[in-house]
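# Working through the structure, step by step
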Amino acid sequence: MPEADVRILLLDIEGTTTPIDFVYKVLFPYARRHVREFVEIHANDLLAEINGLKAEHRADNEHGNNPPVWRESSSDLLLDSIAEYFNWLMDLDRKSTSLKALQGKIWEAGYLSGRLRSEVYPDLPPAFARWRDQGRQIYIYSSGSVLAQKLLFAHTTNGDLSESISGYFDTTTGAKKASSSYQSIAANIGRPAREVLFISDVTGELDAARSAEMQTILCMRPGNAEAQSETHRAVDTFDVVLPNLQRKLLVCDE
């Protein structure tokens, strides 16, 4: 099925719409610095996240993963335990739903205070406008929580880009390297999978999407780890993804 028949753009974030350095050098360190203070202030509103981390910690112990010790004999020790385990999970880059939910709420406070502004690649805003003008819909699928995704696109250095996005999916939908996740996304959107173009910098995710009958593109941004793929078309800019050919011809005619 040709790309011209694509009705849905499904985009990864890290290394696709947003520089990896912003995630690893800005967002992650911010969450690490503020987790203990944030949980102390908002503990009553974080019961689901705290209980989720506690249950995951128990499972890590049962599986012999040697997580940091979890202590609850005082509120200070509990706060220390949450922060230490939170950072341990981040070190592992684990796609933990509780971890991602807590990260998202910490970042929300940072965005709302003005201390955080997200970065996107410069070709993204014009691509969003072009695809929307073409009548196509844009969705996001990332391991970060839906809240974190919404915040990132609403508070960019290029302004609020969230109005161009029709919906968001995170790991509550399923693992990003599982074909069933992409089948679920297509069903949720209400379009055949073959009408969805998934763009990511990770070939394992693209393989899963392709097996679900989605179209795929490998995004090769500066600093991304993936090499060229024999299976997936590779691009280094959104400028060549579903371009507005009519506009290009008009410019050339001028």
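In case you missed it, the structure is sitting above this.
So, how was this worked out
Residues numbered from 1 in each chain as written. Predicted model: local features only at pLDDT ≥ 70, side-chain atom pairs only at ≥ 80, totals over all residues. Heavy atoms only, no water. Pairing = 2+ DSSP bridges. Helix = DSSP H or I, 4+ residues; strand = E, 2+ residues; numbered from the N terminus. Axes fitted to C-alpha atoms, helices over the stretch in contact; angles between N-to-C directions. 1 Å grid on protein atoms, 1.4 Å probe; cavity = no way out; pocket = protein on both sides within 12 Å on 5 of 7 lines; lining within 4 Å. Points joined across faces, edges and corners; volume = space filled by probe spheres on them. Nonpolar A, V, L, I, M, F, W, Y, C, P; charged D, E, K, R; others polar. Buried < 20%, exposed > 50% of the residue type's maximum accessible area, 1.4 Å probe, protein only. Contact = heavy atoms within 4.5 Å.

### Examining the sheet that holds strand S6 (residues 233–235)
The strand order across the open sheet formed by six strands is S3-S2-S1-S4-S5-S6, and the pairing between neighbours is parallel. A single partner strand is all that each edge strand has here, and the edge strands are strand S3 (167–169) and S6. Recorded for the sheet is a direction-independent mean angle of 25 degrees between the axes of neighbouring strands. Summarising the sheet, strand S2 (residues 137–141) and S3 pair through three bridges and their orientation is parallel. For tyrosine 141, the partnering residue across the bridge sits in S3 and is phenylalanine 169.

### Some details on the layout of surface pockets
Looking at the largest pocket, its volume works out to about 590 Å³. Secondary structure elements with two or more residues in the lining of the largest pocket: helix H1 (20–42), helix H4 (97–113) and helix H6 (146–154). For the lining of the largest pocket, the element with the highest residue contribution is H1, accounting for five residues. When grouped by side-chain class, the residues that make up the lining of the largest pocket number 13 nonpolar, eight polar and 10 charged.

### Details of H6
Those residues of H6 not exposed but buried are Ala148, Gln149, Leu151, Leu152 and Phe153. Its buried side turned inward, H6 meets H1, H4, helix H5 (124–133), S2 and S3.

### Quick word on the environment of asparagine 51
On the secondary structure map, asparagine 51 appears in helix H2 (residues 47–62). For asparagine 51, a relative accessible area of 49% corresponds to the partly exposed category. Along the chain, asparagine 51 and serine 98 lie 47 residues apart, while their C-alpha atoms are 8.5 Å from each other.

### Quick look at the pairing of strand S1 (residues 8–11)
Side chains Ile8 and Leu10 of S1 all project onto a buried face; the interleaved residues Leu9 and Leu11 project onto the opposite face, where all are buried too. Looking at chain direction, S1 and S2 are connected through four bridges and run parallel. Across the sheet, leucine 10 pairs through a bridge with tyrosine 139, a residue of S2. Pairing analysis gives four bridges linking S1 to strand S4 (residues 196–200), with the strands arranged parallel. Paired with leucine 9 across the bridge in S4 is leucine 197.

Nothing here speaks to function; it is all geometry.
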